[in-house]
Amino acid sequence: MHRIDCPWCGPRDEAEFAYRGDATVRRPAHDAGIDAFYDYVYTRANPRGWHTEWWHHAGGCRQFVKVVRHTMTHEIAGTGKAGDSLPVPAE
Amino acid sequence: MCAAEPRSPLSVVAVPAHPMIAELPSAIVDIAARRGRAGDLAAAIRAEFGLDLPPPGRFAASGDTTAVWIRPETWLVMAPRGAEGALARRLVETAAGAASVVDQSHGKTRVRLAGAAAPRVLAKGCRLDLHPAQFGPGQAAVTPMAQVGAVLLQRDATPAYELVVGSSYAVPFLEWLTDSAAEFAGTH
Ligand SMILES: [Zn+2]
């Protein structure tokens, strides 16, 4: 189990959160074409290593929390608000 | 126009009485600051109610009115049940456009749990550490309690807690709370 440090609520149990995927994808321009939108919706890198992702604090303040998590060790390097830019460790 | 008086969801079933537990019939109103207006809202609430809207993880009280932080720039304001809609109207007039105001009095139910054993009653359904070193008077949290979304606050060092849950969940929540407290009925 993770303990995720919500920027508003403090450390909370993983069960209070809903995982909402890669926090680095950006919506393409509206005229970018079907392939760009396919990638935006479906294609993910699924890395073995550090991953910047969304965890929605659904059971608490209902805010989207940005989390830098290692997908193999589950170590959490940092958390922040949606607009924060979080440093990602080298490896 | 005359709106129906809210009826407690707890009035229609027989949850066994427990000396540590009591419903607090309340007016409960959600106020969310409009974009860029949190400072105006705080000043207006301070002037009208004599309380400072609290930061995350806290509540503030003045007289019989309590404001609990529940989300960024959003609070639940609670007071003993008065005339239907009166607290919401007072908050609309006070906020004067600085906040969205939603009357939750029918939708939420407020319960008090007090006694030395209260942290152990809650521990069976709560993920937060309620040890006095971690959680004390003045603190509040939004957290699932026995699988039910709840607002929790600690009123004093008795310890006395208050819990606010959706009225639809109030009956099963009270059944859980009463059951959890049963073993402490003679020791509170
Ligand atoms: Zn939170």
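Model, not experiment: these values are computed from the prediction.

Student: What should I look at first to understand the domain arrangement of chain B in this one?
Tutor: It is common to report an interface's size as the accessible area lost on association of the parts. Residues and elements named next belong to chain B. Domain boundaries in chain B define domain 1 (10-24 + 107-182) and domain 2 (26-103). The distance between the C-alpha centroids of domain 1 and domain 2 comes to 22 Å. Taken together, the contact between domain 1 and domain 2 spans 15 residues of the former and 13 residues of the latter. On the surface where domain 1 and domain 2 come into contact, there are 0 salt bridges. There are 6 residue pairs in polar contact (both at pLDDT 80 or more) connecting domain 1 and domain 2. When contributions to the side of domain 1 that touches domain 2 are tallied by element, the ones reaching two or more residues are strand S7 (108-114), strand S8 (140-145), strand S9 (148-156) and strand S10 (160-166). For the side of domain 1 that touches domain 2, the leading source of residues is S9, giving 4 residues. A class-by-class count of the residues in the side of domain 1 that touches domain 2 yields 7 nonpolar, 4 polar and 4 charged.

Student: Is there a simple way to think about the side chain of His57(A) in this case?
Tutor: Residue and element names in this part refer to chain A. Tracing the backbone through its elements, the reader meets His57 in the loop between strand S4 (50-56) and strand S5 (64-70). Overall, His57 belongs to the buried group, its relative accessible area being 0%. The contacts of His57, once residues within four sequence positions are left out, are Cys6, Cys9, Arg12, Glu16, Phe17, Arg62, Gln63 and Val65.

Student: Before we go on, may I ask you to explain the interface of chain B and chain A in this structure?
Tutor: Contact with chain B, which involves 11 residues of that partner, is made by 11 residues of chain A. For the pair chain B and chain A, the summed buried surface comes to about 890 Å²; carbon and sulfur atoms form 60% of the total. In this assembly, chain B and chain A are joined by 1 salt bridge. For Asp13(A), the salt bridge identified is with Arg127(B), shortest N-O distance 3.9 Å. Joining chain B to chain A, the criterion identifies 2 residue pairs in polar contact (both at pLDDT 80 or more). If you list the elements that add at least two residues to the side of chain B that touches chain A, you get strand S4 (65-71) and S8 of chain B. Of the residues forming the side of chain B that touches chain A, the biggest block, 4 residues, is contributed by S8(B). Each residue belonging to the side of chain B that touches chain A can be placed in one class, and the counts come to 8 nonpolar, 1 polar and 2 charged.

Cut-offs used in this document
Residues numbered from 1 in each chain as written. Chains lettered and ligands numbered in written order. Predicted model: local features only at pLDDT ≥ 70, side-chain atom pairs only at ≥ 80, totals over all residues. Heavy atoms only, no water. Domains from an automatic or database assignment. Contact = heavy atoms within 4.5 Å. Salt bridge = Lys/Arg side-chain N within 4 Å of Asp/Glu carboxyl O. Polar contact = N/O pair within 3.5 Å; in protein donor to acceptor, adjacent residues only side chain to side chain. Helix = DSSP H or I, 4+ residues; strand = E, 2+ residues; numbered from the N terminus. Nonpolar A, V, L, I, M, F, W, Y, C, P; charged D, E, K, R; others polar. Buried < 20%, exposed > 50% of the residue type's maximum accessible area, 1.4 Å probe, protein only. Buried area = accessible area lost by both parts, 1.4 Å probe.

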